[in-house]
Amino acid sequence: MSTLLVIAKAPVAGRVKTRLTTQFTPQQAAGLALASLQDTLATVLATPPERRVLVLDGQPVPWVPEGIEVVPQCTGGLDVRLAAAFALAAGPALLIGMDTPQVTPGLLALGLDFTEADAWFGPADDGGFWALGLADPDPALLRGVPMSVAHTGEVQRQRLTDAGLSVRDLPKLCDVDTPADAKRVAAAAPRTRFAALHHSLCAATR
C-alpha cells in the first residue's frame, strides 16, 4: 500500500508562518498558510496513492477535504516527527510539507514510483528538502538529522546514500518561508489559491 504523507501545522495566527509577518499580519500569514495547505491537499487528492494522510500539529477543521486521513503529530523535534510520520506507512511512502503550493500531481506521482529507485529526494532552495520518498520506510533514516539549518538537505540525502539506497532527485522547489519566497511561489503558480490570496493581500497594501 503506497502512502502520501503531508506534515503540517494547523493555520493558526501567531503559530504558523511567523516569518511572513515582516510584511503581513499574523492573520494574513495564517491565511496564506491555509491557502498553501489547501492547494497541497488538492494536489494530493489528484495523485493516486492508496492512502493519503495529513500528519497535523493542531486541530483539524472543515478545511480538511474528504479522502484525507488526519493523524496528530507526535511530540519532539522535527526529525522525530518526520520519522514518526514514516512509521505510519505500511509500504512505499512519499512525505511532503505544506509549504510548496506549486507542487503538481505529476511530481508527486513521480516521487511514488520506486521501480528504479529506493528513495526520492526533493531539495528545497533553502538547503532543506520539500519531499522525501522511501520504498521501504525506515524511521531511523531521519532521526538525528539536523533540521531547519542550511545543510539539512545535504545531511539527509547523505544519510540515504550511506544506507546503501539508490536515490533519485525531484526538481528543486522553493518553500514559502519569507515574503520573498511567497512572491516567488505565487508568480510560479498563478492559478493556485495561494497566489490569488497573495495577490489580493499585496494589492490591498499598495
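Going by the structure above, here's the rest.
Residues numbered from 1 in each chain as written. Predicted model: local features only at pLDDT ≥ 70, side-chain atom pairs only at ≥ 80, totals over all residues. Heavy atoms only, no water.

Enquirer: Looking at this structure, I do not really get the overall build of the protein. What am I missing?
Expert: On a plain count of helices and strands, the protein comes out with six helices and seven strands. A compact globule built from 206 residues would reach a C-alpha radius of gyration of about 17 Å, and the protein, at 16 Å, matches this within 12%. Its C-alpha atoms put the protein at 55 × 35 × 30 Å along the principal axes. Looking at the 206 residues of the protein, the share that counts as buried comes to 51%. Sequence separation of at least 24 residues holds for 65% of the intrachain contacts in the protein that already meet a minimum separation of 6. Accessible area for the protein stands at about 9400 Å²; split by element, carbon and sulfur atoms hold 54% of it. (Helix = DSSP H or I, 4+ residues; strand = E, 2+ residues; numbered from the N terminus. Rg over C-alpha atoms; globule rule 2.2 N^0.38 Å. Buried < 20%, exposed > 50% of the residue type's maximum accessible area, 1.4 Å probe, protein only. Contact = heavy atoms within 4.5 Å. Areas by Shrake-Rupley, 256 points an atom, 1.4 Å probe, with all protein chains shown as cover.)

Enquirer: Help me out: how do you make sense of the packing of aromatic side chains in this one?
Expert: For any two aromatic rings, the description comes down to two numbers: the centre-to-centre distance and the angle of the planes. Tallying each qualifying case throughout the model produces one aromatic pair. Look at Phe 121 and Phe 129: their rings are 5.7 Å apart centre to centre, the planes differ by 45°, and that puts the pair in the tilted class. With respect to burial, Phe 121 and Phe 129 carry one shared label: buried. (Phe/Tyr/Trp six-rings, centres within 6.5 Å; stacked < 30°, edge-to-face > 60°.)

Enquirer: Before we go on, may I ask you to explain helix H2 (residues 78–86) in this structure?
Expert: Because each turn of an α-helix spans 3.6 residues, side chains separated by three or four positions in sequence point in the same direction. Those residues of H2 lying buried are Asp 79, Leu 82, Ala 83, Ala 85 and Phe 86. For H2, the arc enclosing every buried residue in end-on projection is 155°, short of the 170-degree limit, so these residues lie on one face. Buried residues along H2 sit against strand S1 (3–9), strand S2 (51–57), strand S4 (93–96) and strand S6 (129–134). (Arc of directions from axis to C-beta.)

Enquirer: Help me understand the sheet that holds strand S7 (residues 167–169) in this model?
Expert: Pairing between the strands of a sheet comes from backbone hydrogen bonds, and it takes one of two forms, parallel or antiparallel. If you walk across this open sheet you meet the seven strands as S3-S2-S1-S4-S6-S5-S7, and the pairing is mixed. Every interior strand has two partners, whereas the edge strands, strand S3 (69–72) and S7, have only one. When the angles between neighbouring strand axes are averaged without regard to direction, this sheet yields 20°. Taken together, the four bridges between S1 and S4 define a ladder with parallel strand orientation. Residue Thr 3 lies in a different strand from S4, and its bridge partner there is Ala 93. (Pairing = 2+ DSSP bridges. Axes fitted to C-alpha atoms, helices over the stretch in contact; angles between N-to-C directions.)

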